Amino acid sequence: YLMSPDNGLVGIAMQEVGDAYLSLNMALAGGVRLTALLTKGTVLGLWSLIIDALRGEGSLESLTGPVGIAGIVGDASRAGLGSLLLITALLSISLAVINLVPFPALDGGRLLLIIIEWTKGSPISRTLVGTINALGFSLLLILMLFITYHDISKLW
């Protein structure tokens, strides 16, 4: 059905309009392009989230934790295989981008420590590295608990 101001409904509705049939080369090229666009959007979105948080303008409304993700995946699975695969790809890209953030306990944090060691020409104390990673992991757990609590509170 179409929504219009005449019947009191305003908004959008998703409708399947058809299937695109592409050659293998065209499908692969389209997949690479879409992956690049989604990755760019994810990086820009994460950057914007960090900048807003540093300015004190951040909002939890744009964050979703495990509880919210489970709901989104459930909705996508009911919408069909294509939607489920798209959500799976978005989650994979998001996890990859977040994992590369130079934050302790993430791979990006480890890369940063390697660059620091390479720059200074000597290894960083294992005790210091362990302490930095433990603090980073603790902060990530607190953030995850906070976001999960926020997800659950949206359900009430």
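**Points about the overall build of the protein chain**
In step 1: Across its full length, the protein chain holds five helices and zero strands.
In step 2: Listing the helices and strands of the protein chain from first to last along the sequence gives α-α-α-α-α.
In step 3: When burial is assessed residue by residue, the protein chain has 13% of its 156 residues classed as buried.
In step 4: Sequence separation of at least 24 residues holds for 53% of the intrachain contacts in the protein chain that already meet a minimum separation of 6.
In step 5: When the accessible area of the protein chain is evaluated, it comes to approximately 12000 Å², of which 71% is carbon and sulfur surface.

**Examining the environment of isoleucine 72**
In step 1: Looking at where isoleucine 72 falls in the secondary structure, it is placed in helix α2 (residues 66-79).
In step 2: By relative accessible area, isoleucine 72 is classed as partly exposed at 38%.
In step 3: Discounting residues that sit within four places of it in the chain, isoleucine 72 has contacts with Thr64 and Ile87.

**Regarding the packing of α2 against helix α3 (residues 81-99)**
In step 1: For the pair α2 and α3, the least separation of the axes is 7 Å and the interaxial angle reads 150 degrees. Accordingly, the angle class assigned to the pair α2 and α3 is roughly antiparallel. Across the interface between the two elements, Ile69, Ile72, Val73, Ala76, Ser77 and Ala79 from α2 touch Ser83, Leu84, Ile87 and Leu91 from α3.
In step 2: By residue class, the composition of the contact of α2 with α3 is eight nonpolar, two polar and no charged.

**Quick word on the pattern of salt bridges**
In step 1: In this structure the tally under the stated criterion is two salt bridges.
In step 2: A salt bridge links aspartate 75 to arginine 78; the shortest N-O distance between them is 2.6 Å. Residue aspartate 75 and its partner arginine 78 are located together in helix α2, separated by three residues, close to a single helical turn.
In step 3: Under the relative-accessibility criterion, aspartate 75 is labelled partly exposed at 47%.
In step 4: Residue classification places arginine 78 among the exposed positions, given a relative accessible area of 64%.
In step 5: For lysine 154, the salt bridge goes to aspartate 151, with nearest N and O atoms at 4.0 Å. You can see lysine 154 and its partner aspartate 151 sitting in helix α5 (residues 126-155), three residues apart, about one turn around the helix.
In step 6: By relative accessible area, lysine 154 is classed as partly exposed at 43%.
In step 7: Among the residues examined, aspartate 151 registers a relative accessible area of 3% and is labelled buried.

The rules behind these values
- Residues numbered from 1 in each chain as written.
- Predicted model: local features only at pLDDT ≥ 70, side-chain atom pairs only at ≥ 80, totals over all residues.
- Heavy atoms only, no water.
- Helix = DSSP H or I, 4+ residues; strand = E, 2+ residues; numbered from the N terminus.
- Buried < 20%, exposed > 50% of the residue type's maximum accessible area, 1.4 Å probe, protein only.
- Contact = heavy atoms within 4.5 Å.
- Areas by Shrake-Rupley, 256 points an atom, 1.4 Å probe, with all protein chains shown as cover.
- Axes fitted to C-alpha atoms, helices over the stretch in contact; angles between N-to-C directions.
- Parallel < 35°, antiparallel > 145°, perpendicular 65-115°, else oblique.
- Nonpolar A, V, L, I, M, F, W, Y, C, P; charged D, E, K, R; others polar.
- Salt bridge = Lys/Arg side-chain N within 4 Å of Asp/Glu carboxyl O.

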